[in-house]
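The residues making up each chain are set out below.
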Amino acid sequence: MDKNQIKKELVDKSNDILTKYSEPDVVEDVSVMNMAAKTVFLGSLKVYNTEIVPNVINDLNKQLKGYGELVVRDQRVTPCCAPSYIHISFNVTIKN
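A quick note: this is a predicted structure, and the numbers were derived from the prediction, not measured.

Caption draft 1: Focus on the packing of helix α1 (residues 3-20) against helix α2 (residues 53-64). Where α1 meets α2, the closest approach of the two axes is 10 Å, and the angle between their N-to-C directions is 150°. Looking at the two axes, α1 sits roughly antiparallel to α2. You can see that α1 and α2 cross each other, and the crossing is right-handed. Here Leu10, Lys13, Ser14, Ile17 and Lys20 of α1 lie close against α2, whose contacting residues are Val56, Asp59, Leu60, Gln63 and Leu64. The residue inventory of the contact of α1 with α2, partitioned by class, reads five nonpolar, two polar and three charged.

Here it is in structure tokens:
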């Protein structure tokens, strides 16, 4: 398993999804947690248009589930001095 290659592919696929829906956010990196029995890749996206959130989640599920066990979560974030957005996080678990 080439962790750097997987990491790059996850970033690229996440950014492709954001571009597809004209979202201004860019995913710059995906975190990697190395454990004895598994490796977990953690990433997140900001989506400002709440109407497209189900489509973004659906695309993430389609694009990323082939890597391993996938969990996608979303949560509304309302900062005091910036536009609100939906924080979509994902983790992909691959057994070593």
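Having seen it, we continue.
Caption draft 2: Local environment of the environment of Lys46. Its location among the elements puts Lys46 in strand β2 (residues 38-47). According to the relative accessible area criterion, Lys46 is partly exposed, its value standing at 30%. Sequence spacing of Lys46 and Val77 is 31 residues, and the spatial spacing of their C-alpha atoms is 9.3 Å. Dropping the residues within four chain positions of it, Lys46 is found in contact with Leu18, Glu23, Asp25, Tyr85 and Ile86.

Caption draft 3: Structural context of the nonpolar core. Membership of the largest hydrophobic core comes to 24 residues, with the highest contact counts inside it found for Leu10, Val56, Leu60, Ile88, Phe90 and Val92. Within the residue set of this core, elements represented by two or more residues are α1, β2, α2 and β4 (85-95). Those residues in contact with Val92 that lie beyond four places of it in its chain are Leu10, Thr39, Val40, Phe41, Tyr67, Gly68, Glu69 and Leu70.

Quick notes on the rules
Residues numbered from 1 in each chain as written. Predicted model: local features only at pLDDT ≥ 70, side-chain atom pairs only at ≥ 80, totals over all residues. Heavy atoms only, no water. Axes fitted to C-alpha atoms, helices over the stretch in contact; angles between N-to-C directions. Helix = DSSP H or I, 4+ residues; strand = E, 2+ residues; numbered from the N terminus. Parallel < 35°, antiparallel > 145°, perpendicular 65-115°, else oblique. Left-handed = near helix turned anticlockwise from the far one by under 90°. Contact = heavy atoms within 4.5 Å. Nonpolar A, V, L, I, M, F, W, Y, C, P; charged D, E, K, R; others polar. Buried < 20%, exposed > 50% of the residue type's maximum accessible area, 1.4 Å probe, protein only. Core = buried A, V, L, I, M, F, W, Y, C linked by side-chain atoms within 4.5 Å.

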